[in-house]
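Fold and contact review
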Amino acid sequence: MSSLSRELVFLILQFLDEEKFKETVHKLEQESGFFFNMKYFEDEVHNGNWEDVEKYLSGFTKVDDNRYSMKIFFEIRKQKYLEALDKHDRSKAVDILVKDLKVFSSFNEELFKEITQLLTLENFRENEQLSKYGDTKSARAIMLVELKKLIEANPLFRDKLQFPNLKNSRLRTLINQSLNWQHQLCKNPRPNPDIKTLFVDHSCGQPNGARAPSPANNPLLGGVVPKPGGFPPLAAHVPFQPMPIPVPTSLASWMSNPPTGPHPAVSGGPLGLGSPPIQAGLKHPRTPPTNHSLDFQPADSDHVSKRTRPLGLSDEVGLPVNVLPLTFPGHAHSQNFNALDDFPKSVSRSLSQGSSPMSMDFHPIQQTLLLVGTNVGDIALWEVSSREKLVQRNFKVWDLSKCTMPLQAGLVKDPGVSVNRVIWSPDGSLFGVAYSRHLVQIYSYHGNDDVRQHLEIDAHVGGVNDLAFSHPHKQLSVITCGDDKLIKVWDASTGTKQYSFEGHEAPVYSVCPHHKENIQFIFSTALDGKIKAWLYDNLGSRVDYDAPGRWCTTMAYSADGTRLFSCGTSKDGESHIVEWNESEGAVKRTYQGFRKRSLGVVQFDTTKNKFLAAGDDFSIKFWDMDNTQLLTSIDADGGLPASPRIRFNKNGTLLAVSANENGIKILANAEGLRLLRTFENLAFDASRASEASKPNVKPMSAAAGGSTGLTDRVSSVVGISMMNGDARNHGDVKPRITEDTNDKSKIWKLTEINEPSQCRSLKLPENLRVTKILRLIYTNSGSAILALGSNAIHLLWKWVRNEHNSHGKATANISPQLWQPSSGILMTNDVTDTNPEESVPCFALSKNDSYVMSASGGKISLFNMMTFKTMTTFMPPPPAATFLAFHPQDNNIIAIGMDDSSIQIYNVRVDEVKSKLKGHSKRITGLAFSHILNVLVSSGADAQLCVWNSVGWEMEKSRFLQMPSGRSPEAPSETRIQFHQDQIHLLVVHETQLAIYDTNKLDCMHQWVPPESSAPISHATFSCDSQLVYASFVDATVCIFSAAHLRLRCRINPSVYLPSNVSSGVHPLVIAAHPQESNQFALGLSDGSVHVIEPLELEGKWGLPPPLENGSTSNVPPSTSSVGASASEQPQR
């Protein structure tokens, strides 16, 4: 076929697609063989339409064309075969084996025999190579990654994977041009020619006046110049416009034609039974690694211990190496199991704001603290649990002389102003207010009702339409956009303008900063519907396209940063919520359920990486992110405006909704109601406490760039934002100060727990004896506990979901099972040439609980948490690993602390040490990453802390612990570290002290030192919300501190959890905090037992927070409480 004929096929394909002849489009693609539509192919694979998949492929290749084609067809037919086996449809499986897979027997007879033997197994996962096979959906996704790479590498598909860069409606344009030419040749052209057919040449009839204008814009034909459309109906057919500026991979997908390069290395090698591994690039674009499972090896490396092995760990947003997230017996349930109970729908509070709320935001840590901005410029701070308005500020220009003259003149003429946006900084130490007139005001928050002016910026000419915080270059910045069509970035400490982005042709409506793989960028939307994306480099927009609705659009990522959504309303009232496919820059799904004509601009929010919510039609509508159909709609007992404004708290347990008559309704789910009730009880208890004066609270956390910090309010409502997963909320509330300080019953006292009846404790069952529990952790789901014994054996206890434990979470009320796979194997670390009893063990758990990396003095082992099988071992000693930590952005990067005092930065995928860090003089005892500061903090047996840049791995600073006088340890002692949930403050644990450090300066903010007569500290950890510190001691006592100032609030004596017949030397060696229940912890003991401890359900907490002594905010408060002293010996406050 000639080149022009080929181009005509492309024009026809574009025309058919624009006219929605979908089946015909793909039929023509197949029959012509000119264009392979990868998007269509992906959809058919995901849907399991295997006949259509092979039929479509047949237009481009056959099974025996080349090794790539053979591999493509084999993977598809193998998947079809496994799905039939998984459904126990033996007859269908046999049919597939004979008709589809038999053809491959001539190439690999042994493989065909092995495939045939799967018919004899009750569950084909008993085959070792298929033990990691998950469910159908995940298996198809894993296979599809490999298929795409094979197709891209197959020479038969060369030049067939990209559609030509055509203007919209190109065929119509050519026809109109032809009609123009025909009309110009008419002898008697009419002014308004009547074109009724294309089957014959156009000719005007009888003479009727002068030559007519061109009919090119005849509405019948759509016109020569098409109107700018929305995102193309068929993304693969209409690529984005090429951009001259190179961009990082995380944004390249939003460009029209990213720079082309060689195809990623793909195996066309031997066929294999095992599933192809899922690659990290599924969610985060990056260069795909070599696929080891197809017998192609990684490139050579200088690393001496480098070897061939099938390993590559995915970013945790997807699935790792064919390993499914850990599930327990009895946990199988449908996607919408209890879905209607998960989101807030019960009206629990009604607040009267006084003017109409325009924007709301919950504090990121103290999750019952609500910030509100209104239509008259007011801002308010609400404690929703107590319905108390802590702060009310009316609009006021702080320094009129520094404002531009247009603003000064405008305010004199019309002082009216509205709040367009209020938002907290990531750590809650600042909040910003964007106004409808030029200004942005930044306040610093110091707890309770202490709100102070921080920055006032005359940011834009006209209204400031949106505001956001971001951390480019490790520095907290404020991002604004406005009516002047600009986006600006400001230093959050000084107010200095850092960037100004020009390019929008209409007022900028919203901004959405984000980062991927250390690439920081900003999405922006304008009132003409344009979406643009910017890097912090003043080199212009990377994206220029239309949003659905083409008017007021906002964008938001899911909480885990892996899914992008937008919500928009057109001028005609048509509203849209869509999810974007970032890999293609196209709409992935459109959610249904809006009224035909919304009566205002619809606001939306996301929560729990699961739900979308929007205010529409006098109600709140909810969607499951994975289902386009409306999940449910609630009216919050009525009284809502047409398009209510909504905002979830961080954990999705509370939802603020604007109401009529200047009201705000707080909706809660079961956990939210429990949270609010807890606060009410705490407020009642705290009201009995007395203080001589209002405490002067020192901020707990400081914003990057030197801004003032967030305090732990002795009186504050503290929400739980867990460190590793979804969180439940508990906290402390504001004491009501009374004048009567002489009433002894109102004096605060340390809570002593001496009897088992005063709390809930559970000794976990054991049938595998270990001498000591040396490492202990909850799984991130909160439904299991993993321990590592001194004999290098791992123990896993699982709580099963049942009628007695509906959530399947760890609890002291129900005994779990000590779990083992049916094979009976144990997860046992390599102990070759080592004595595990004398070694320093370490382990790290993947974020989705699928695998654990562990060592006990020998090689590091990677275990599958479902099968307990050893996936690989690496890094034989010496030196031996003593601490392991996964990089928070890339699970293939591991920081490994060694017993020779070095730290090795190891890339699992390529089996190579990327960097070796030296700064300690003794073995490494702790490692912790901060994704906010982009640093790695290390601690060692030398009692030294070191801070390393996690990009270039240079040491930024170091400091030795402040040892109490006369308390230096006799032998090298472990120094453990853990980041506060703000990712800025650091808990440091040493046998001589507990301390809180500011990582930016490595300053010790607070320190607690046990009395000389007390036992040393054996271990300590933050609670999941970072509001408590649990510490265990060598005398078996457990103490619970308020984390903000390290003040003791509760002590648990050994008699509570240890039976009387236990040896007096038994004590906790390690303590672990539940990832969602802030008041639950577990102890690993020196006798090999594990105990789970919780407060009584009626109490719900561990004592009351102590008041600050004499209002002092000393960084290092005096330690006057002995761990072993009785309550009566405590100083009264």
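Residues numbered from 1 in each chain as written. Predicted model: local features only at pLDDT ≥ 70, side-chain atom pairs only at ≥ 80, totals over all residues. Heavy atoms only, no water.

1. What to know about the overall build of the protein chain
Looking only at helices and strands, the protein chain features 13 helices and 59 strands. A buried classification covers 59% of the 1133 residues belonging to the protein chain. Counting every atom, the protein chain has about 45,000 Å² of accessible surface; 50% of that belongs to carbon and sulfur. (Helix = DSSP H or I, 4+ residues; strand = E, 2+ residues; numbered from the N terminus. Buried < 20%, exposed > 50% of the residue type's maximum accessible area, 1.4 Å probe, protein only. Areas by Shrake-Rupley, 256 points an atom, 1.4 Å probe, with all protein chains shown as cover.)

2. Observations concerning the pairing of strand 28 (residues 663–668)
Each regular strand displays side chains that alternate between the two surfaces of the sheet. When you tally the buried positions in strand 28, you get 6 out of 6 residues, the bulk of the element. Going residue by residue along strand 28, you find Gly-663, Lys-665 and Leu-667 tucked away on one face and Ile-664, Ile-666 and Ala-668 tucked away on the opposite face as well. Direction of pairing for strand 1 (residues 346–352) relative to strand 28: antiparallel, over a ladder of 6 bridges. Looking across to strand 28, one finds that Ser-350 is bridged to Lys-665. Where strand 27 (residues 654–659) folds back on strand 28, the antiparallel hairpin that results is connected by 3 residues, among which Glu-661 adopts a positive phi of roughly 55°. (Pairing = 2+ DSSP bridges.)

3. Some points on helix 5 (residues 67–86)
The terminal C-alpha atoms of helix 5, which comprises 20 residues, lie 28 Å apart, in line with the 28 Å expected from a rise of 1.5 Å per residue. Burial runs high along helix 5: 18 of the 20 residues are buried. Structurally, the start of helix 5 carries an N-cap: the backbone nitrogen of Tyr-68 is 3.0 Å from a side-chain oxygen of Asn-66. In the segment just after helix 5, His-88 is the residue with positive phi, at about 60°. (Expected span 1.5 Å × (residues − 1). Polar contact = N/O pair within 3.5 Å; in protein donor to acceptor, adjacent residues only side chain to side chain.)

4. Digging into the packing of helix 5 against helix 6 (residues 90–101)
For the pair helix 5 and helix 6, the least separation of the axes is 8 Å and the interaxial angle reads 165°. With respect to helix 6, the element helix 5 is oriented roughly antiparallel. As for how helix 5 packs across helix 6, the hand of that crossing is left-handed. In this structure, helix 5 uses Phe-74, Arg-77, Lys-78, Lys-80, Tyr-81, Ala-84 and Leu-85 to contact helix 6, whose residues at the interface are Arg-90, Lys-92, Ala-93, Ile-96, Leu-97, Asp-100 and Leu-101. Of the residues belonging to the contact of helix 5 with helix 6, the class tally is 8 nonpolar, no polar and 6 charged. (Axes fitted to C-alpha atoms, helices over the stretch in contact; angles between N-to-C directions. Parallel < 35°, antiparallel > 145°, perpendicular 65-115°, else oblique. Left-handed = near helix turned anticlockwise from the far one by under 90°. Contact = heavy atoms within 4.5 Å. Nonpolar A, V, L, I, M, F, W, Y, C, P; charged D, E, K, R; others polar.)

5. Description of a nonpolar patch on the surface
On the surface, Leu-198, Phe-199 and Val-200 cluster together into a nonpolar patch covering about 390 Å² of accessible area. Mapped onto the secondary structure, Val-200 falls in the loop between helix 9 (170–184) and helix 10 (249–252). (Patch = residues over 30% accessible without salt bridge, like charges linked within 9 Å, V, L, I, M, F, W, Y side chains within 5 Å. Salt bridge = Lys/Arg side-chain N within 4 Å of Asp/Glu carboxyl O.)

6. Points about the pattern of salt bridges
Counted according to the given criterion, the structure contains 32 salt bridges. Note that Glu-83 is salt-bridged to Arg-140, the shortest N-O span being 2.8 Å. Taken together, the residues Glu-83 in helix 5 and Arg-140 in helix 8 (residues 136–153) connect sequence positions 57 residues apart. Judged by its relative accessible area of 5%, Glu-83 falls in the buried class. A residue is classified by how much of its surface remains accessible, and Arg-140, at 12% relative accessible area, is buried.

7. A word on the side chain of His-1067
Relative to the assigned elements, His-1067 resides in the loop between strand 56 (1047–1052) and strand 57 (1068–1073). Of the polar contacts made by the side chain of His-1067, one reaches the backbone oxygen of Gly-1065; its length is 3.0 Å. Sequence-distant contacts of His-1067, defined by excluding residues within four places in its chain, comprise Phe-1033, Val-1034, Ala-1036, Gly-1084, Leu-1085 and Ser-1086.

8. As for the sheet that holds strand 24 (residues 619–624)
Strand-to-strand pairing in sheets goes through backbone hydrogen bonds, with the strands running parallel or antiparallel. Strand order in this open sheet of 4 strands is 22-23-24-25, and the pairing throughout is antiparallel. The open sheet has two free edges, formed respectively by strand 22 (604–607) and strand 25 (630–634), since each of these has just one partner strand. The average undirected angle you get between the axes of adjacent strands in this sheet is 20°. Sheet topology places strand 24 next to strand 25; 4 bridges connect them, and they run antiparallel. When the bridges of strand 25 are listed, Trp-623 appears paired with Leu-630.

9. Observations regarding the environment of Phe-618
For Phe-618, the position within the fold is in the loop between strand 23 (611–616) and strand 24. Sequence-wise, Phe-618 and Leu-640 are 22 residues apart; in three dimensions their C-alpha atoms are separated by 5.2 Å.

10. Brief notes about the confidence of the model for the protein chain
When pLDDT is averaged across the protein chain, the result is 79; 78% of the residues are at 70 or more. In the model, residues 208–250 has pLDDT below 50 throughout and makes 125 contacts with residues more than four positions away in sequence or in other chains. (pLDDT = per-residue confidence, 0-100.)

11. Remarks on unusual backbone geometry
Cis geometry marks the peptide bond from Pro-877 to Pro-878, where omega comes out at -5°. Tracing the backbone through its elements, the reader meets Pro-878 in the loop between strand 40 (870–874) and strand 41 (881–886). Positive phi is not limited to glycine here, since Asp-159 has a value of about 70°. Mapped onto the elements, Asp-159 comes out in the loop between helix 8 and helix 9. Even without being glycine, Met-875 reaches a positive phi, approximately 55°. By secondary structure assignment, the location of Met-875 is in the loop between strand 40 and strand 41.

12. Things to note about the nonpolar core
One finds Phe-36, Phe-41, Leu-57, Ile-76, Tyr-81, Leu-82 and Leu-101 to be the most contacted residues of the largest nonpolar core, which totals 41 residues. Of all the secondary-structure elements, those providing two or more residues to this core are helix 3 (38–47), helix 4 (50–58), helix 5, helix 6, helix 7 (109–117) and helix 8. Residue contributions to this core peak at 10 residues, all from helix 5. Counting 22 residues, the second-largest nonpolar core is a separate cluster that includes Val-391, Cys-403, Phe-431 and Val-451. (Core = buried A, V, L, I, M, F, W, Y, C linked by side-chain atoms within 4.5 Å.)

13. Regarding the sheet that holds strand 58 (residues 1081–1085)
Pairing is antiparallel across the open sheet formed by 4 strands, whose spatial order is 32-59-58-57. Each edge of the open sheet is held by one strand with a lone partner, namely strand 32 (759–763) and strand 57. The average undirected angle you get between the axes of adjacent strands in this sheet is 20°. With 4 bridges connecting them, strand 58 and strand 59 (residues 1090–1095) associate as antiparallel partners. By the bridge assignment, Gly-1084 is partnered in strand 59 with Val-1090.

14. Comments concerning the environment of Leu-1028
Structurally, Leu-1028 is set in strand 54 (residues 1028–1033). Distance from Leu-1028 to Phe-1041, taken between C-alpha atoms, is 5.6 Å for residues 13 residues apart in sequence. Sequence-distant contacts of Leu-1028, that is, excluding residues within four places in its chain, are made with Thr-1021, Phe-1022, Ser-1023, Ile-1040, Phe-1041, Ala-1043, Arg-1049, Ser-1078, Asn-1079 and Trp-1102.

15. Some words on helix 3
All of the buried residues in helix 3 are Met-38, Tyr-40, Phe-41, Glu-42, Glu-44 and Val-45. Against the buried residues of helix 3 lie helix 2 (22–32), helix 4, helix 5 and helix 8. Its side-chain oxygen at 3.2 Å from the backbone nitrogen of Lys-39, Asn-37 defines the N-terminal cap of helix 3. Residue Gly-48 follows helix 3 closely and has a positive phi angle near 70°.

16. Quick notes on the pairing of strand 22
Alternating residues of strand 22 divide into Phe-604 and Thr-606 and Asp-605 and Thr-607, and every residue in both groups is buried. Bridging between strand 22 and strand 23 involves 4 bridges; their strand directions are antiparallel. Looking at the pairing, Thr-607 lines up with Phe-611 of strand 23. Counting the residues that bridge the hairpin from strand 22 to strand 23 gives 3 residues, and of these Lys-608 lies at a positive phi of roughly 60°.

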